[in-house]
Amino acid sequence: MHPELAADLGRLPDVLEETRQRALAFLAGLDERPVVPHPEPPAGAGLAEDGGGARAALAEFAERWEPRLSASAGPRYFGFVTGGATPAALAGDWLTSAYDQNSNSSLDPAGQQLERETVGWLRELFGLSATHHGTFVSGATMSNTVGLAVAREWLGERLGVDVAEDGAGALGRVRVLSGSAHSSVAKALSVLGLGRAALRTVPVLPGREAVDVAALERALAEADGPCVVVANAGTVNTVDFDDLRAIAALRERYGFWLHVDAAFGAFAALSPEHAELVAGLDLADSVCVDLHKWLNVPYDSAVQFTRRPDLQARVFRNAAAYLGPLGEHPDLVHLTPENSHRLRALAAWFTLRAYGRSGQREIVERCIAGARALGAEVARTEGLELLAPVRLNVVCFTLTTDPTPERLAALAAGLSDEAFLTPTRYAGRPALRAAFSNWRTTEADVRRTARALARAVRNGTVQAAD
Ligand SMILES: *Cc1c(COP(=O)(O)O)cnc(C)c1O
């Protein structure tokens, strides 16, 4: 054994203890560090011929890299839709690496058994029936990709062709209809060989991001073959929701595959006041839910549900020996793009076990309350304009005068020590958005963000007048 490996094996307790201390110091400093520091990279370092062991690597990392990291685990990182990691999720994630299981096969079954238990809890959390089978994947993009891969196989079934065998070209032109599809849907269509151009945008309701169901019905009636509909449960700008029940009702007449992108919107199901927004989710043929957003498990984690695990296994089966039926419960190796994968479900298992349904609900309701409070602050801040009502956990707003992307970027940059917001374009207007999905965010963080925002607007106004 290499001497440094042997030495580290001997002092493993010290290595883990120092790692624990580093992690604790980082987390304890989340409130003080700039939320996004925007550093230059450190002076380069070449590959070492002889390393100095784990403790030396820790010390070097702490000096060169750690100060440059953002506080994305903290309470005022409102960019994109970013979750943190609850204490139990962090414990589960650490142990995932310690156990280092390749949880994909019944030849070594505990990992996939644990994943199935966790999927069962998630199904209950989101009010899905047992007709939905679930698998863990690395994020919502991958969940959408897997869901649309199953949809692609379903189109083949409808048209009497075997896509897994003969390729997407055998389908001819495919139509995927959606009102406000997330960018990852186009990416998935590119990956799946259906092409980004397969995505047809259906008109949305006036002043909304939710699809106009009558327009969707017209598009379905005009289509000359079976379609895929991507319904949206939680759009990124204004967290709007398609009417899932009304869309599902069209399926009887037009026979399409209904995929619902509920990456973070699925969590509305946890709040009695908002559960109506996702009524009908169970009617979907496939559902995407991200877990590293609102469940607050570390990257990378999401779940993909479908009613047709048989089609899923047709797409992803991995061995020639399995060309026949895969049985009732195919191993995970036959259900996702990955073969080997870590025991990804463990962090979710821990946080669901530790805090239960009521704990997840408290996080969701506190985030919604925070978004509403910030929305109210924005509405009363001179120079800012709220662009949409705060339906759930995102505040979308702009400058009242001269809202160019450059000025909005300057406004966001003016905050980035205190809070991180990301740019967008909504209804043709450049805007900023603040998404609440971190378990640590409190009312005090909302006040701190609102103060920083008001200050930055005042400074920005002065500059514009100069
Ligand atoms: C975040 C998001 C995605 C993509 O999720 P990743 O985890 O970044 O892959 C897809 N759809 C919606 C609605 C999202 O919010």
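Keep in mind the model is a prediction, meaning the values are calculated, not measured. (Residues numbered from 1 in each chain as written. Predicted model: local features only at pLDDT ≥ 70, side-chain atom pairs only at ≥ 80, totals over all residues. Heavy atoms only, no water.)

(A) Looking closely at the sheet that holds strand 11 (residues 429-435). Taken in spatial order, the four strands make up an open sheet running 8-9-11-10, and their pairing is antiparallel. This sheet does not close on itself; its edge strands, each paired only once, are strand 8 (384-386) and strand 10 (422-426). With direction set aside, neighbouring strand axes in the sheet form an average angle of 40°. Relative to strand 11, strand 10 runs antiparallel, the two sharing five bridges. (Pairing = 2+ DSSP bridges. Helix = DSSP H or I, 4+ residues; strand = E, 2+ residues; numbered from the N terminus. Axes fitted to C-alpha atoms, helices over the stretch in contact; angles between N-to-C directions.)

(B) Spotlight on a nonpolar patch on the surface. Where nonpolar side chains cluster on the molecular surface, the patch consists of Met-1, Leu-5 and Leu-9 and spans about 380 Å² of accessible area. Its location among the elements puts Leu-9 in helix 1 (residues 3-10). According to the relative accessible area criterion, Leu-9 is exposed, its value standing at 56%. (Patch = residues over 30% accessible without salt bridge, like charges linked within 9 Å, V, L, I, M, F, W, Y side chains within 5 Å. Areas by Shrake-Rupley, 256 points an atom, 1.4 Å probe, with all protein chains shown as cover. Salt bridge = Lys/Arg side-chain N within 4 Å of Asp/Glu carboxyl O. Buried < 20%, exposed > 50% of the residue type's maximum accessible area, 1.4 Å probe, protein only.)

(C) The nonpolar core, seen in detail. Of all hydrophobic cores here, the largest spans 86 residues; its most connected members are Leu-122 and Phe-126. Apart from residues lying up to four places away in sequence, Leu-122 is in contact with Phe-136, Leu-291, Leu-295, Val-303, Phe-305 and Leu-352. (Core = buried A, V, L, I, M, F, W, Y, C linked by side-chain atoms within 4.5 Å. Contact = heavy atoms within 4.5 Å.)

(D) Region of the structure containing the sheet that holds strand 3 (residues 199-201). Strand order in the open sheet formed by seven strands is 1-7-6-5-4-2-3, with mixed pairing between adjacent strands. Only two strands of the sheet have a single partner each, and these edge strands are strand 1 (133-137) and strand 3. Each adjacent strand pair in this sheet contributes to an overall mean axis angle of 20°, direction not counted. In terms of strand pairing, strand 4 (residues 228-232) meets strand 5 (residues 257-261) through five bridges, oriented parallel. Within strand 5, the residue paired with Val-228 across the bridge is Trp-257.

(E) Representation of the state of the cysteines within the structure. Tallied over the full model, the rule gives zero disulfides. A disulfide-free cysteine, Cys-288 has its sulfur positioned 18 Å from the sulfur of Cys-367, the nearest such atom. What makes Cys-367 buried here is its relative accessible area of 2%. (Disulfide = S-S within 2.5 Å.)

(F) Structural detail: helix 4 (residues 87-99). Its 13 residues give helix 4 an end-to-end C-alpha distance of 18 Å, which sits within 8% of 18 Å, the value for a rise of 1.5 Å per residue. For helix 4, every residue scored as buried is listed here: Ala-88, Ala-89, Gly-92, Asp-93 and Thr-96. For helix 4, the arc enclosing every buried residue in end-on projection is 135°, short of the 170-degree limit, so these residues lie on one face. Where helix 4 is buried, its residues meet helix 12 (345-380). (Expected span 1.5 Å × (residues − 1). Arc of directions from axis to C-beta.)

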